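# Chain and residue survey
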Amino acid sequence: MKSTRLLIVSLMLGLALAVLGTTPPRPASADAPQDEFSAERAMVDVERIARAPHPSGSAEHAALRGYLMQRLSELGLTVRIQQGAFPPDARSELNRRNGKSEEHVPLTNVLGLLRGTESNLPAAALMAHYDSVPGSPAAGDDGAGVASILETLRALSLDRERKRDVLVILTDGEESGLLGARMFFAQAQEARRIGAIINLETRGGGGKANLFQTSALNGDVARLWASTAPHPAGTSLATFIYSILPNDTDLTVALPHGYPAWNFAFIGRPGLYHSPLATAANLDRGSLQQMGEQTLGLARALTRITDLPRRAPDIVFFDAFGLFAIHYAPGWGWAMLAVAFLGYGALVMRQPDLPEMFVGSARMLALLALTGGLLWAFNMVSGADGPVNYYDRLAAIPRLQAIALCATAAVSVLLLGSRPESVAGEVGLVLPVWLAAAAFQASAPTAAYVLTVPLLLSGVVALMRATRAGSGLGVVAVAVAGLVTGYALLLGYSLMQAVGTGLPMVCILPLMMVMPVLVPLRAPLSQGLMKGLSMALLVLAVGVALWVRWDAPAASIAAYEQVPAPGG
């Protein structure tokens, strides 16, 4: 089965799937059917929202508020405002960012209600914030979220099957500490009417619009999303990671109230986060389309059903390259591990060799340790060893991704380009991955699918090899390798966007995914070729790291990062 040709085919298939899985859908045109979401129609609102920076308390912010209230009224909503004021500490920080010294900054939420035919039912809420940071037009954060809600409301207003009221919450002061959301959920009478809530956010200017957070006990919540999203993007791994990160959105304030909840965001084009370059022209319309169509699909379902999703045991869920969503009970992970154990057990029994298994396991452990160490070292070389500007590092993420890819490929070629050669060695290579997957399954079962599913698939291939399945084996092996490699590339790309500026070592996770499926396909390389290729990749990684380190600060850095402190 070992063949350079089969390996190349698998890698090309994986690359194609990774591109598919990281590319948002094509934006719908302005003449798309009226009951569908259209990014081109929503862009009209984005262009107005992002015509200029609109931080809380500014004249542009007040003008935008008037525009949004008018738009909501035109869509048939009853509109009101909820008023308060910035507390002193938040006002002081806003003044510092603005370079001003205002003694009073108003805090004003915009609320709207679209009536359904059964207003006695709890309402479905759509939430986004309409303030920007100083100096940023905020087409992404959060013009895209607000515009998605407006276009969703336009489509919902035409739906004659709509039973449930739709409550719109456009919060102020999110950029200053979730102030508007805190005021709404503490004081607004509408908060008691909410039955379910969807929040929209961004951290960048493009990429897939992912479901990255849900309410607790999300079984029914995730299943409803999976059944309504035209181009689903989201994973239970993301919800697990976000649950342990110290990050907040407006939904953070809502979750303690126990509503069924969904949180969507895109984080591609990361240099545009809080950036003066976050204009409507720089916003990815495909990202807007994916955010809006998932919002509309969920909102339409929520307004039509009588019984809202209830708290149910958490489930595993992930999208298959944006084509459809897969979900299942976490316990199936153990069954997947059992299949892998049986498949590799049957394979190694053909040529049992305990010393070779130990050598294979040692190679895998060495691969992970050396790769993790190199990723840390290259991150230091790129400038993480000293004071860094957060926004400058975000702008460098594409180059940091390239460094991570070169480093992982270099170590993989060097350590696994020719060995293990035996079946026992290959099984030994998989053993640390299987043990890590079992530990992952025991500690975080909704996130462990990134290892258990690849092990299931590679275990099936191993079983076919053990039973001498015949001519179909090559096709199955290539298909499995392509699928797993594609998802591993997608995962590595996404993880680097999410946490790669500070923790590029997360790339050892996708590395663990691909080795069990690629090593059985590769034909051993000569020592000279392995060393030459590895050295070339490492030199390239060093070069890119030094480029990041010595490059001038990005033009996309947030404007307030350059505002001197009072008295400075």
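Reading the values: the criteria
- Residues numbered from 1 in each chain as written.
- Predicted model: local features only at pLDDT ≥ 70, side-chain atom pairs only at ≥ 80, totals over all residues.
- Heavy atoms only, no water.
- Helix = DSSP H or I, 4+ residues; strand = E, 2+ residues; numbered from the N terminus.
- Rg over C-alpha atoms; globule rule 2.2 N^0.38 Å.
- Areas by Shrake-Rupley, 256 points an atom, 1.4 Å probe, with all protein chains shown as cover.
- Lys, Arg positive; Asp, Glu negative; His and termini not counted.
- Charge placed at Lys NZ, Arg CZ, Asp CG, Glu CD.
- Phe/Tyr/Trp six-rings, centres within 6.5 Å; stacked < 30°, edge-to-face > 60°.
- Lys NZ or Arg CZ within 6 Å of the ring centre and 35° of its normal.
- pLDDT = per-residue confidence, 0-100.
- Contact = heavy atoms within 4.5 Å.
- Pairing = 2+ DSSP bridges.
- Salt bridge = Lys/Arg side-chain N within 4 Å of Asp/Glu carboxyl O.
- Polar contact = N/O pair within 3.5 Å; in protein donor to acceptor, adjacent residues only side chain to side chain.
- Core = buried A, V, L, I, M, F, W, Y, C linked by side-chain atoms within 4.5 Å.
- Buried < 20%, exposed > 50% of the residue type's maximum accessible area, 1.4 Å probe, protein only.
- Expected span 1.5 Å × (residues − 1).

## Re the overall build of the protein chain
- Each helix and strand in the protein chain was counted, giving 19 helices and nine strands.
- What you see for the protein chain is a C-alpha radius of gyration of 25 Å, in line with the 24 Å of a compact globule of 568 residues.
- Expressed along its principal axes, the backbone C-alpha trace of the protein chain runs to roughly 75 × 60 × 40 Å.
- About 22500 Å² of surface is accessible on the protein chain, with carbon and sulfur atoms providing 63% of the total.
- Here the protein chain contributes 41 positively and 41 negatively charged side chains, and the mean placements of these two sets differ by 6 Å.

## Looking at the packing of aromatic side chains
- Summed over the entire model, instances satisfying the criterion amount to 13 aromatic pairs.
- Relative to Tyr391, the ring of Tyr273 lies with its centre 5.9 Å away and its plane at 40°, an arrangement referred to as tilted. Of the two residues, Tyr273 is situated in the loop between β7 (261-266) and α10 (285-304) and Tyr391 in helix α13 (residues 390-395); the sequence distance between them amounts to 118 residues.
- With a centroid separation of 6.0 Å and an interplanar angle of 70°, the aromatic rings of Phe318 and Tyr487 are classed as edge-to-face. Here Phe318, found in strand β8 (residues 316-319), pairs with Tyr487, found in helix α17 (residues 472-499); they are 169 residues apart in sequence, far enough to count as distant.
- In this structure an aromatic cluster arises from ring pairing among Tyr273, Tyr390, Tyr391 and Tyr560.
- One Lys or Arg, Arg97, reaches over the ring of Tyr560 and ends 4.0 Å from the middle of that ring.

## What about the confidence of the model for the protein chain?
- Of all residues in the protein chain, 98% attain a pLDDT of 70 or more, and the chain-wide mean is 96.
- Taken together, the stretch residues 563-568 has pLDDT below 50 and engages in four contacts with residues farther than four places along the chain or on a different chain.

## A look at the pairing of strand β9 (residues 325-328)
- Here four bridges tie β8 to β9, and the two strands are oriented antiparallel to one another. Considered in β9, the bridge of Phe317 is made with His327.
- Here β8 folds back onto β9, and the loop between the two strands holds five residues, one of which, Phe321, carries a positive phi near 55°.

## Considering the pattern of salt bridges
- Taken as a whole, this structure holds 23 salt bridges when the rule is applied.
- One connected set of salt bridges, linked through shared partners, spans Asp159, Glu161, Arg300 and Arg304.

## Digging into the environment of Arg223
- By secondary structure assignment, the location of Arg223 is in helix α7 (residues 219-228).
- Measuring from C-alpha to C-alpha, the distance between Arg223 and Ile326 comes to 9.3 Å, with 103 residues separating the pair along the chain.
- Contact partners of Arg223, with chain neighbours within four places excluded, come to Ala312, Ile315 and His327.
- Among the polar contacts made by the side chain of Arg223, one reaches the side chain of Asp220 at a distance of 3.2 Å.

## Section: the nonpolar core
- Within the largest apolar cluster, 65 residues are counted, with the highest numbers of intra-cluster contacts made by Leu367, Phe440, Tyr449, Val450, Leu451, Met513 and Met515.
- The biggest single contributor to this core is α17, with 12 residues.
- If we skip the residues at most four places from it in the chain, Tyr449 touches Thr235, Ser236, Leu237, Val316, Phe317, Phe318, Tyr328, Pro454 and Tyr487.
- Judged by nonpolar contacts, the second largest core, of 58 residues, contains Ala155, Ala229, Leu296 and Ala301.

## Re the environment of Arg91
- On the secondary structure map, Arg91 appears in helix α4 (residues 88-98).
- According to the relative accessible area criterion, Arg91 is partly exposed, its value standing at 21%.

## Some remarks on helix α3 (residues 59-74)
- Between the first and last C-alpha of α3 there are 23 Å, a value that for 16 residues agrees with the 22 Å anticipated at 1.5 Å per step.
- As for α3, its buried residues are in contact with α2 (39-49), β1 (78-85), β2 (106-114), α5 (139-156) and β4 (166-171).
- Following α3 by one or two positions, Gly76 has its phi on the positive side, about 95°.

## Here's the deal with unusual backbone geometry
- Residue Asp142 follows Asp141 across a cis peptide bond; omega there is 10°.
- Turning to its location among the elements, Asp142 is positioned in helix α5.
- A cis amide bond, omega 0°, links Arg419 with the succeeding residue Pro420.
- For Pro420, the position within the fold is in the loop between α14 (397-416) and α15 (423-443).
- A positive phi angle, close to 45°, is found at Arg269, a residue other than glycine.
- The topology assignment puts Arg269 in the loop between β7 and α10.
- Judged by relative accessible area, which is 41%, Arg269 ranks as partly exposed.

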